[in-house]
Amino acid sequence: MTSIIGPASFKFFGIFPAAILSFVLPVIGIGLFAYIMVRRIAPLVRANPDNRFDHIGLRVKNLIFVWLGQMRQPRYMLAGVLHICIFAGFLILSIRSTSLVIIGLSDGFVLPGFGGFLGDIYNFIKDYAATIVLIACIIAAVRRGIFKPGRYAVPEKYGKDHTSEAVFVLGIISTLMISESLFEASELAYEFQHTGQEHFLAPLSLVWIFRGIFASAPQNVLQGLHIFTYFVHDLTFFFFLCFLPLGKHFHVITSVFNVFFMRVQKGKIKPVMHGVSDDKLDDLESFGVKKLEDFTWKHMLDFYSCADCGRCSDHCPANAAGRPLSPRFITIKARDLIFKNYPLSGEIYKSNLLVEDIYTEDEIWSCTTCGACEEECPLGIEYIDKMVDLRRGMVDEGMVPQSLQKSLKALEKRGNPYGKMEKKRADWTKDKEFKASWQIKDLAKDKADTLYFVDSITSYDDDMQDIARRTSIILKKAGIDFGILGKKEKDSGNEVLRFGEEMLYQDLKDQNIETITQSGVKQIVTADPHAYNALKNDYANLPPVKHISQVVAQKIGTGELDLKPCQNPEKVYVYHDPCYLGRHNGIYEDPRQALDAIDGLTRVELEKSRDRSFCCGGGGLMLFYEPEEETRMGVLRVNMAAEAGATVIVTACPFCLVNIQDAIKVAGKEGEMEALDFTKLIEQHLF
Amino acid sequence: MEILVCVKRVPDTAENEFELNSAGNDLDRDDLVYSVNEWDNYAVEEAIQIVDKVGGSVTVITVGDDESEEVLRREMAMGANNGILLSDDAFEGSDGKGIATILKTEAQKGNYDLILSGAQADEGAGQVGGMLAAMLDYPYASLVNKIEVGDGKITVGREIEGGNQEMNEMQLPCVLSIQTGINEPRYVGIRGIRKVASVDIPVKGADDLGIDAGSVGKKGAKTKRVDYFVPDMGEGAEMLEGSTDEIIEKLIEKLKAKGGL
Amino acid sequence: MTQIFAYIPFNNGVAEDIALEYPSAAGKIDAGASLTAVVTGSGPDLDKVANDMTSIYSQVIKIDHADLAYPNADIVRKALKNILPSDAVFLIAHNTFGMDLGPGLSVKLDCAYAADIVDFEGIDGTTLKAVRQELGGAVSTHVAIDIASGAVMTVRPGSFAPVEGGSANGSVVDKSGEAGDLSSKRKFLEIVAAEVGDVDITKSDVLVSIGRGIEDEDNIEIAQELAEAMNAVVSCSRPIVDAKWLEKSRQVGTSGQTVKPKVYMAMGISGSFQHLGGIKGNPFIVAVNKNPKAPIFQVADVGIVEDILDFMPELTETINDL
């Protein structure tokens, strides 16, 4: 006997060629896998269309940074690093795994190009990869099984705990690493015993360790180990392949697609049906998602791709407030429903209405569309569009809570959710003191370059009207020629759209676009991030839109606006990023620059800031509807500010201002904390 | 079950501010928005829920002008099967009895098991349902907050003082006026209304119904509104001054007058 | 001569307060009219009430029948149709019974109907002038009622001054025999009482409503005491519910309950739009707040700038001493 007998040539009990097994296992494995995949694709084929082939450049960028670069993973450092190790290991070892399958049929097979020097470099790298993967799996298993971090917990109403599935898979991966290394180590040990030749192996790698352990094992043991570990690896590998589509590890296969197809435009809501233009909406039989198959294929793919990591729910403000919503379980429940209705064998079950079946109405109404979930998800899973689609379905069926019906009706009749008269929309300009110094142009009668879009809450809420006045003063002092739409302005509809009342949104949008176009303005400014978002992202054919903080930052930069030194140097200011300014539209620095331009202003940062900012709970219509909750989101945020040592929370959004003001009182922090609008702070510091 | 629901188009109390016009004798109607009377909406929802359970159809009917058609359509968008508009110049100025007379002629034509109306509307009288019942000689119950359909009869709960509920058994056909809160009306959005935009709604006048013009309209009305006015209440609250004792004394006087004590 | 008849509602042998108000109402209709009380029912309670009314009304008609033991509007209507003269002017309280009885009665008597009247301004020929409200109390109207063939009118309790009883020396006329056929297609079954412990603020005529001015959960007791003194119920604005000091069912507001009381005591409530949105029906609003600029003072009828924690106990004490 010269060298070890590889699986391609080995014969069990001297008669049965192992190669048959090496052939049969892959055939069955791949065949079964193909069958499972076909079954899994079935619901996607029945799903609604989705347009995911636009912006190819951005999609490739996502693929590189989010998928390959794993750039969202380190947001949770330990878990992130562990995953990056395992992911990178998988990619690197894919080559080895492929060659291993063929090694079972042809001894010593090496992939083309991997002979010689390249092959040696690869082997060196892959040995460390396998080692690191094993170490990562062990740490991960201990973390999941023993330390049990909170975000993996499964609340009782959602069923059994998922830890065993997680640990099981870590065990499988570990088995693959160990068996692969042992397979190689056994051969190398045999070689060494036989020829005295010692291959250079990556020191301290798994295979290096195993070779050391088995260096003096009897040759028949090594031979047996070699064949045994090969088939353990082969079996485990194909088992794992077929296991992937059965649970959360489906993401191993779907992630590359899911990331490629993920959202490339923030702040925008999907159309009711891709491919159906606005004027054809009346022809649709049904709006929104009522049954499982009403989702688009990408949303179904999202359900498959969930790795059950819980990062979304961990950052969901609704979840933190104790509302019945947990984004992770929106996905997991839908995924489980797909598995149930589209079983691997047997007939496909007819879907029931989702909102009676797996979701509750309150659960769907609980979402504030803040986008924190989508920002965290390393797999590019979307939630906002799904929530909106589910709401569209409920609205179509008339399932709208009574208190919300009132505000929707008011929007329909009066163009604002308060039901107040249109002609009073510009009453904020009539405040005695204000009127004495400042006249505001009405674009129905005058012309101006710029439109100041005020939107409903700022126009009608007694406290918020102050924002409008101060914004006007800032614009005037910055030398901007502007006017307002006055009574012709309708609610921007940002919330209406997100609450699923599509046709009402279209109505408001059409009226606004017409009025704005008629006014002939060249740019739009607003102090309301919700309006900003709608006008910039959801509307079309409008002049460019800016938020007041961008205008202020720009004018400070050019010197057209000069700020006084801080009038209250003893206060500690913290800036709270509004969801619709920050996360959805990427405006983080402008407001901060403006604040920092005030000499002597002490500013601190919240731990959850910028794209991790915690929603105040605002979102227009939320003032009119309360899902069940344990605490108010605003209160949680105020407590965060207090912990950061702040005494003033600066907000750049009227809804944030309302919610945080309220929350300060509920939290009993009156006197310790105050809420201050950005426009008020700036205006107070203007010369 | 064949159900007829009487509805009315009224100025919306939530979304309007009511002011007198410059002549001082009517409301300033320029900026008013109208919608279906809230109580009537609850009645339609109840009718639809009953029909969902036991089968049948819901017909909504109103006495009004062209603009009243929009409330019929809205209720049909909600789920009512048919709509009928009773409109004629001769009907203008009718008092409650006039309206009931007009409704009666049409109600008699269909074979309705149940006739519903809202407990009251913008005038706050709550009269048409009861009058209609008396004209048809059907039993009547007002302020209904619960309906259980049986065989040829129904069990009805009325909201009475103190939050109590008076249970009655009524033989069909009967007339009920419905109180708010009996159910949670489903939402009707713009889309729903657009879907029924082209459904046919028959319009019937005095001749079609065979009504003598003298018994309805202004001529037939025994109760007529003469004008609107706003009682002098002053601006904002009347601020009570003086020592706490004096204030309390004044307050108690006022509370007694207003039924607070 | 105008003949006015007034229906006396009673409970457990005690006539309701409206019985004392009818005479003033009748006086405003026509000072020279005859005024007769009508009581229906069965048994000793009926007798007692009929007798009590003789000190206020010169004539009291009593209809005693087993079927009238519970005031079933359908049956009462039939009885009244048979005993009332053809041009009677009939007054009832505008309450749940009045709304049930009145409209149909006016049809059977073939006369005018007017509901929820708050004032009368006398007769001119055969036209009676009255005042009512529309649009949830937002506006008032003058109405002209043709009473040539009588009228059925419901009057709002509390709108007319009560008279002091005692001097009428009236007599009871038993017209039970003239009641006629009282068979009906509506049968009274039972009263289902409101759930005990579950306070339904929407059913109370008087609300003592607290806002942030209450400052502490322990102070709610002060409001409770005032509520008890006023035979009222405690309600609140949203912050109180958020702080979990009271249940959600106590909240008045756009995202809470809608209430239509007669009197609304806004104690330490600033008067946010969301809160006021839950108050309908134009109640008499008394606002007490230590901030003279609180928006509630713009919508309240009476305003008092005081700290509710001092004011409420004093008010409670004074009321209890009455």
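The structure presented is a predicted model; accordingly, all values stated were derived computationally and were not measured.

Draft legend 1. Quick peek at the overall build of chain A. Counting its secondary structure elements, chain A contains 28 helices and 11 strands. Residues classed as buried in chain A amount to 59% of the 687 residues present. A total accessible area of about 27500 Å² is found for chain A, and carbon and sulfur atoms account for 59% of it. If the 77 positive side-chain charges of chain A are averaged to one point and the 85 negative ones to another, these points end up 2 Å apart.

Draft legend 2. Molecular detail of the overall build of chain B. Secondary structure assignment for chain B yields eight helices and 13 strands. Once the C-alpha set of chain B is aligned to its principal axes, its extents read approximately 65 × 45 × 40 Å. Here chain B holds 261 residues, and 52% of them are scored as buried. When contacts within chain B are restricted to residue pairs at least 6 apart in sequence, those whose partners lie at least 24 apart make up 69%. Surface exposure of chain B reaches about 11000 Å², of which carbon and sulfur atoms provide 42%. Both charge centroids of chain B, one from 26 positive and one from 49 negative side chains, sit 4 Å from each other.

Draft legend 3. Expanded view of the sheet that holds strand β7 (residues 545–547) of chain A. Residue and element names in this part refer to chain A. Judged by pairing direction, the sheet is parallel, and its five strands sit side by side in the order β3-β5-β4-β6-β7 without closing on themselves. Here the strands that pair on one side only, and so sit at the sheet edges, are β3 (441–442) and β7. Sheet topology places strand β4 (residues 450–453) next to strand β6 (residues 523–526); four bridges connect them, and they run parallel. Looking across to β6, one finds that L451 is bridged to I524. On the sheet, helix α23 (residues 529–538) packs against β4, β6 and β7 and is oriented at approximately 160° with respect to β7.

Draft legend 4. The environment of A468 of chain A, seen in detail. Residue and element names in this part refer to chain A. Within the element layout of this structure, A468 appears in helix α20 (residues 465–477). For A468, a relative accessible area of 0% corresponds to the buried category. Linking A468 and T679, residues 211 residues apart in sequence, is a C-alpha distance of 8.6 Å. For A468, the residues in contact, after removing those within four places along its chain, are W428, Y452, V454 and T458.

Draft legend 5. Structural detail: the packing of helix α3 (residues 77–103) of chain A against helix α7 (residues 219–243) of chain A. All names here are of chain A. Viewed as axis vectors pointing N to C, α3 and α7 meet at an angle of 120°, and their least axial separation amounts to 11 Å. Of the possible angle classes, the one that applies to α3 and α7 is oblique. α7 is crossed by α3, and the crossing has left-handed handedness. In contact with F90, S97, L100, V101 and I103 of α3, α7 contributes Y230, H233, D234, F237, F238 and F240. Across the contact of α3 with α7, the residue classes break down as eight nonpolar, two polar and one charged.

Draft legend 6. Expanded view of the nonpolar core. By size, the foremost hydrophobic cluster in this structure holds 187 residues, and its most contacted members are M177, Y452, I516 and F678 of chain A. Sort the elements by how many residues they give to this core and helix α5 (residues 163–195) of chain A lands first, with nine residues. Not counting chain neighbours up to four residues away, the residues in contact with M177 of chain A comprise L93, A130, V133, L134 and L206 of chain A. Among the nonpolar cores identified, the runner-up in size contains 67 residues, and I29, A33, A50 and A79 of chain C belong to it.

Draft legend 7. Spatial organisation of the interface of chain C and chain B. Every contact between the two is made by 71 residues of chain C and, on the other side, 69 residues of chain B. Taken together, both faces of the contact between chain C and chain B bury some 6100 Å²; the carbon and sulfur share is 59%. On inspection of chain C and its partner chain B, the count reaches five salt bridges. With its nearest N and O atoms 3.0 Å apart, the salt bridge here joins R186 of chain C to E166 of chain B. Broken down by element, the side of chain C that touches chain B gets its largest block of residues, nine residues, from helix α4 (residues 96–108) of chain C. When its residues are assigned to classes, the side of chain C that touches chain B shows 38 nonpolar, 14 polar and 19 charged. The pairing of strand β9 (residues 165–171) of chain B with strand β13 (residues 186–192) of chain C spans six bridges and is classified as antiparallel. Each residue of the ladder has a partner; that of N168 of chain B, found in β13 of chain C, is F188 of chain C.

Draft legend 8. Layout of α3 of chain A. Spanning 27 residues, α3 of chain A covers 38 Å between terminal C-alpha atoms, matching the ideal 39 Å at 1.5 Å per step. By the largest-angle criterion, L93 of chain A marks the main kink of α3 of chain A, which is about 40°.

Draft legend 9. Quick look at empty space enclosed by the protein. Residues and elements named next belong to chain A. A full pass over the atoms with the stated rule returns nine cavities of 30 Å³ or more. Contributing to the lining of the second largest cavity are 15 residues, with C316, L325, P327, C367 and C373 lying nearest its centre. Of all elements in the fold, only α11 (317–320), α15 (372–376) and α16 (384–396) reach the threshold of two or more residues within the lining of the second largest cavity. In terms of residue class, the lining of the second largest cavity is made up of 12 nonpolar, three polar and no charged.

Draft legend 10. Up close: the packing of aromatic side chains. Residues and elements named next belong to chain A. Per the stated rule, a full pass over the model turns up 30 aromatic pairs over all chains. Ring plane angle 85° and centroid distance 5.0 Å describe the contact between Y230 and F231, whose orientation is recorded as edge-to-face. F231 carries the same exposure label as Y230, and that label is buried. One aromatic cluster is present, built from ring pairs that chain together F10, F12, F16, F183, Y230 and F231. Positioned above the aromatic ring of Y152 is the side chain of R144, whose terminal nitrogen or guanidinium carbon lies 3.9 Å from the ring centre. The side chain of R151 reaches across the aromatic face of Y76, ending 4.3 Å from its centre.

What counts, and where the lines are drawn
- Position labels on residues start from 1 in each chain and follow its written sequence.
- For naming, the first written chain is A and the first written ligand is 1, with later ones following in the order written.
- The model is predicted, so local features are restricted to residues of pLDDT at least 70 and side-chain atom pairs to those at 80 or more, both for listing and for counting; the totals for chains, interfaces and linings are taken over all residues.
- As a rule here, side-chain values come from all non-hydrogen atoms in the structure, and water together with hydrogens is ignored.
- Strands here mean DSSP runs of E at least two residues long; helices mean DSSP runs of H or I at least four residues long; both are numbered from the N terminus.
- Only protein chains enter the calculation, and the probe is 1.4 Å; a residue is then buried if its accessible area is under 20% of its type maximum, exposed if over 50%, and partly exposed in between.
- Accessible surface is estimated by sampling points in the Shrake-Rupley manner with a 1.4 Å probe; for residues, cover comes only from the protein chains shown.
- Positive charges come from Lys and Arg alone, negative charges from Asp and Glu alone, with His and the N- and C-terminal ends not counted.
- The atoms used to mark charge sites are NZ of Lys, CZ of Arg, CG of Asp and CD of Glu.
- The contact rule is simple, with two residues in contact once any of their heavy atoms fall within 4.5 Å.
- Two strands are said to pair when DSSP picks up at least two bridges between them.
- Geometry is summarised by axes, namely lines fitted to C-alpha atoms with helices restricted to the contacting stretch, and by angles between N-to-C directions that run from 0 to 180 degrees.
- The scheme is simple: roughly parallel for angles under 35 degrees, roughly antiparallel for over 145, roughly perpendicular for 65 to 115, oblique for anything else.
- Less than a right angle of anticlockwise turn of the near helix away from the far helix marks a crossing as left-handed, whereas a clockwise turn marks it as right-handed.
- The classification used treats Ala, Val, Leu, Ile, Met, Phe, Trp, Tyr, Cys and Pro as nonpolar, Asp, Glu, Lys and Arg as charged, and all other residues, Gly among them, as polar.
- The definition of a nonpolar core used throughout is a set of buried Ala, Val, Leu, Ile, Met, Phe, Trp, Tyr and Cys residues joined through side-chain atoms within 4.5 Å.
- A 1.4 Å probe defines the accessible area here, and the buried area is the portion of it lost by two parts on being joined, summed over both.
- What counts as a salt bridge is simple: a side-chain nitrogen of Lys or Arg found within 4 Å of a carboxyl oxygen of Asp or Glu.
- The span you would expect from a helix comes to 1.5 Å times its residue count less one.
- Bend is the name given here to the angle between axes fitted to two runs of seven residues, the run ending at a residue and the run starting at it.
- Here a cavity denotes a set of grid points, spaced 1 Å apart and computed over the protein atoms alone, in which a 1.4 Å probe fits but from which it cannot get out, and a pocket denotes an open set meeting protein on both sides within 12 Å along at least five of seven lines; residues with an atom within 4 Å of a point are reported as lining.
- Grid points are joined across faces, edges and corners, and a volume is the space filled by probe spheres set on the points.
- Aromatic rings from Phe, Tyr and Trp, taking only the six-membered ring of Trp, are treated as a pair when their centres fall within 6.5 Å; an angle between ring planes under 30 degrees marks them as stacked, one over 60 as edge-to-face, and anything in between as tilted.
- Charges are assigned to positions over rings by a cutoff of 6 Å between ring centre and Lys NZ or Arg CZ, combined with an angular limit of 35 degrees from the ring normal.

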